[in-house]
Protein chains: 2
Amino acid sequence: MAQQRKITLSESEIPEKWYNIAADMPNKPLPPLNPATNEPIGPDALAPLFPMGLIQQEVSTERWIEIPDEVRDAYSIWRPTPMYRALELEKALDTPAKIYYKYEGISPAGSHKPNTAIPQAWYNKQEGVKRITTETGAGQWGSALSFATQKFGIDLEVYMVKISYEQKPYRKLMMNTWGAEVIPSPSTKTEAGRKILAGDPDSPGSLGIAISEAVERAAMNEDTKYALGSVLNHVLLHQTIIGQEAIKQLEKAGDLPDIVIAPFGGGSNFAGIAFPFLRLNLTEGKKIRAIASEPASCPKLTRGVFRYDFGDTVGMTPLLPMFTLGHNFVPDKIHAGGLRYHGAGVLVSQLLKDKLIEAKAHHQLECFEAGVLFAKTEGIIPAPEATHGIATVVAEAKRAKEEGVSKTILFNLCGHGHFDMSAYDAYFSGKLEEHELTEAEINSSLSELTTPEIPA
Amino acid sequence: MAQQRKITLSESEIPEKWYNIAADMPNKPLPPLNPATNEPIGPDALAPLFPMGLIQQEVSTERWIEIPDEVRDAYSIWRPTPMYRALELEKALDTPAKIYYKYEGISPAGSHKPNTAIPQAWYNKQEGVKRITTETGAGQWGSALSFATQKFGIDLEVYMVKISYEQKPYRKLMMNTWGAEVIPSPSTKTEAGRKILAGDPDSPGSLGIAISEAVERAAMNEDTKYALGSVLNHVLLHQTIIGQEAIKQLEKAGDLPDIVIAPFGGGSNFAGIAFPFLRLNLTEGKKIRAIASEPASCPKLTRGVFRYDFGDTVGMTPLLPMFTLGHNFVPDKIHAGGLRYHGAGVLVSQLLKDKLIEAKAHHQLECFEAGVLFAKTEGIIPAPEATHGIATVVAEAKRAKEEGVSKTILFNLCGHGHFDMSAYDAYFSGKLEEHELTEAEINSSLSELTTPEIPA
């Protein structure tokens, strides 16, 4: 038989600990601030929204955090995920680069999101939480959490961005199948939603608005907590099983990447695969490049500023030190709904500030071209979010060819596109629209910020 | 960690040969007949439709047929597929039975169909075929063959049952993504299609009609061949890699099934997992029960007759000795489109006739109940076709509980339901309709048959 394509691990090789990069960062992240006082807040301020088990992870500086047995057991429903050598893509690109990908789309919800949904549901369960609220854009996170909460017997209320609720009925049905209640956002269930609807009854919604609604519901109800699918430290922490498995798999192939690539929304996808490799840079002197691939229409990493900002649109969350386009920034309605978020997680922001990682922005047309090439060669139809990483891979593989050097590239194929075929329809029929984001638009959004700046 | 859920194989454990059950059957299948003369036909009669490489497999009585290296290499894109112990389903059913499932939904097209699409495309390629025609119902087979033909650089023309073409735009887009032309059937491209449209301009189409169209196109064009996704001996042969892998996986778990179960459309899904286990019955004296799960609305195995019939609706194919409801039988529009076929493959029919296998029919409401239970417990949302197998599994697991005996049950989870969420919508909203099929209806369809009967 020809070259090996697939590198698998056995169930016993599921990592036993999550990796906390905060332990190894040369500059620790700045603290979150209370927006009323601009003073640093402690863990207790998060208690209305999150169980203590997760808050402890949020502020931890321990390098390794043990994965509870029940969580590892639930992980084993789909983990370890396979790693593939993209032999057919390499051939099509005629590149000397070796391309590997970790495939997270085999999870029940079809993306990497269950990696954090499962432990979040479990820690809530330990503290007797009866109901969780959350938001979802394209539906990846909402379905992952639906799967996780039904597994541990917790009720779930999902605020789904209204335009996605209408355009993606199948994701909604998937959540219903797993027992969740799905509410189009903005809704009349919350003060935040009513305020938006008063200003614009036809509001298509946004992730920021949906976060405001879900947070409000949790803050107002004793037995209810809130869960976020990206951005926060504990979410990024849970995803590090991806990169840890990837290291083991590449070891089996006798390889180590020169470049690690992942799509970037709030940071969990990128952190999941990249942080364990960054550990090798930070503690063993390796020089692996980590590149975050973001949409050109929502370029917080490549064109945003590093300052304090809210995590949501209405301004209910603590202030976080992040690369941001401003919490009122409204990105184009690109098909990669999971990447339409105004800011970047705190850990990733600090790493970018310290030039320990890189970022690259792509227009969606380039992304879908790369995605279709991938589907034709490797067989898997990638989610629109995932095509951003593939666009960076294609660019780096072409560069390797031009420079005549063999590079080893690893990327995270975070999910399949089975529920996003309408996006491919738009691509094939030439209807992918995206306007060129101007400096003036970005400056206009940023100029509205009154939150504290961070001195250089 | 708790009990092991997943049993994987390495790429080198992909079987090297397909298993041909014809070698071990006590009664060999009767020959196909020329419908004009009712005389047996030889391999040459199939040459206008199929390449010789596949025709040789169709008539072979060799026990093992070598899998070409290039086919095994293409298999390695997704094979070996994982096997799971359904621990959560067992818990929910509170059964002493051990339930395992082989998961074929991880293939690029999301079902077991690529197992035969890949070799079919490859054998056509070897003989210089430029274009293949085929039919597809729900789209599983069409997308599998699209993936396979683009891999080997062959054009593909897919006749898709019109009602599915309209109701399942995403499956069509998947085929387009892999470069296939998809035509709603009945179409004006063929004599067969025009004949149907003349009688009923609004015909929703059927698998039988679409087969007639695809066969006509291949018969009329020198450089074009036809491909079928089930029923025929060589198709069933290719699928036997499923059961061969399953035997290796169960060996690793130290187990052997008492019962093997799979959904039944034309036979390839069932044959794929069951034939390698039936070999153990036929050659080693094992007593493994093999149960085919069919829809109550299309019950060829449980209520059909064993006689010669056409494979298509219009009557273009050779006559095959099969369990059939009559080639003009029109089943209810149940959501398991892949099971709406009037007949059963020749090999499976002979085995049923000889009481070497069993069959069980289920109403779709029972199937979706079982499917949702499976999704809630095991996390994977099954295709409507797959829910039929799960319904049999649930029935057998409950029986094991009643009888207080531990049985080991294995079933083939042939595909995911990501493109069938509208069927789950119908289920949740109480709109699953299915009329009770009467004896009179079956007799009426069978009484139209003028094809040769088979003496008992």
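In this report, the structure presented in the accompanying data block is examined. From a predicted model like this one, the values you see are computed outputs, not experimental measurements.

### Digging into the overall build of chain A
Regarding its fold elements, chain A presents 17 helices and 15 strands. At 20 Å, chain A has a C-alpha radius of gyration in line with the 23 Å of a compact globule built from 456 residues. With respect to the principal axes defined by its C-alpha atoms, chain A has extents near 60 × 50 × 50 Å. When contacts within chain A are restricted to residue pairs at least 6 apart in sequence, those whose partners lie at least 24 apart make up 77%. Surface exposure of chain A reaches about 15,400 Å², of which carbon and sulfur atoms provide 49%. Of the charged side chains in chain A, 45 are positive and 56 negative; the average position of the first set lies 4 Å away from that of the second.

### Considerations on the packing of aromatic side chains
Here the structure, examined in full by the defined rule, presents 31 aromatic pairs over all chains. Through successive ring pairs, a cluster of aromatic residues spans Y75, W78, F147 and W178 of chain A. In this arrangement the basic side chain of R85 of chain B is found over the ring face of Y100 of chain B, its NZ or CZ atom lying 5.7 Å from the centre. In this structure, K151 of chain B is placed above the aromatic ring of F152 of chain B, and the distance from its NZ or CZ to the ring centre is 5.8 Å.

### A closer look at the relation of the copies chain A and chain B
For these two chains of identical sequence, chain A goes onto chain B by a turn of 180° and a shift of 0.0 Å along the axis, with RMSD 0.0 Å. Classification of the inter-copy transformation places it as that of a two-fold axis. In this assembly, 98% of the residues forming the interface of chain A have copies in chain B that are likewise at the interface, indicating an isologous arrangement.

### Things to note about the pairing of strand β10 (residues 259-263) of chain A
All names here are of chain A. The element β10 is extensively covered by neighbouring structure, given that 5 of its 5 residues are classed as buried. With burial as the criterion, each face of β10 is covered, one bearing I259, I261 and P263 and the other bearing V260 and A262. With respect to chirality, the unit in which β10 leads through helix α11 (residues 268-284) into the neighbouring parallel strand β11 (residues 289-295) is right-handed. Pairing of β10 with strand β15 (residues 408-413) involves 3 bridges; the strand directions are parallel. Within β15, the position partnered with V260 by the bridge is L410.

### Re the sheet that holds strand β14 (residues 358-362) of chain A
All names here are of chain A. A sheet is described by the order of its strands in space; here 7 strands give the open sequence β1-β4-β5-β15-β10-β11-β14, paired in mixed fashion. Edge positions in the open sheet fall to β1 (6-7) and β14, since each of these has one partner strand only. Here strand β4 (residues 83-85) pairs with strand β5 (residues 98-103) via 3 bridges, running antiparallel. Bridging from a neighbouring strand, M83 pairs with K102 of β5. In the packing of helix α14 (residues 364-378) onto the sheet, contacts are made with β4, β5, β14 and β15, and the angle to β14 comes to roughly 95°.

### Here's the deal with the interface of chain A and chain B
Facing the 41 residues of chain A at the interface are 42 residues of chain B. Interface area, chain A with chain B, both sides summed: about 4,200 Å², of which 57% is carbon and sulfur. Between chain A and chain B we count 4 salt bridges in total. Note that D73 of chain A is salt-bridged to R5 of chain B, the shortest N-O span being 2.8 Å. Where chain A meets chain B, there are 25 residue pairs in polar contact (both at pLDDT 80 or more). It is helix α7 (residues 169-177) of chain A that provides the largest number of residues to the side of chain A that touches chain B, a total of 5 residues. In terms of residue class, the side of chain A that touches chain B is built from 19 nonpolar, 11 polar and 11 charged.

What counts, and where the lines are drawn
- Residues numbered from 1 in each chain as written.
- Chains lettered and ligands numbered in written order.
- Predicted model: local features only at pLDDT ≥ 70, side-chain atom pairs only at ≥ 80, totals over all residues.
- Heavy atoms only, no water.
- Helix = DSSP H or I, 4+ residues; strand = E, 2+ residues; numbered from the N terminus.
- Rg over C-alpha atoms; globule rule 2.2 N^0.38 Å.
- Contact = heavy atoms within 4.5 Å.
- Areas by Shrake-Rupley, 256 points an atom, 1.4 Å probe, with all protein chains shown as cover.
- Lys, Arg positive; Asp, Glu negative; His and termini not counted.
- Charge placed at Lys NZ, Arg CZ, Asp CG, Glu CD.
- Phe/Tyr/Trp six-rings, centres within 6.5 Å; stacked < 30°, edge-to-face > 60°.
- Lys NZ or Arg CZ within 6 Å of the ring centre and 35° of its normal.
- Least-squares fit on C-alpha atoms with pLDDT ≥ 70 in both.
- Buried < 20%, exposed > 50% of the residue type's maximum accessible area, 1.4 Å probe, protein only.
- Right-handed = clockwise from strand over helix to strand, strands pointing away.
- Pairing = 2+ DSSP bridges.
- Axes fitted to C-alpha atoms, helices over the stretch in contact; angles between N-to-C directions.
- Buried area = accessible area lost by both parts, 1.4 Å probe.
- Salt bridge = Lys/Arg side-chain N within 4 Å of Asp/Glu carboxyl O.
- Polar contact = N/O pair within 3.5 Å; in protein donor to acceptor, adjacent residues only side chain to side chain.
- Nonpolar A, V, L, I, M, F, W, Y, C, P; charged D, E, K, R; others polar.

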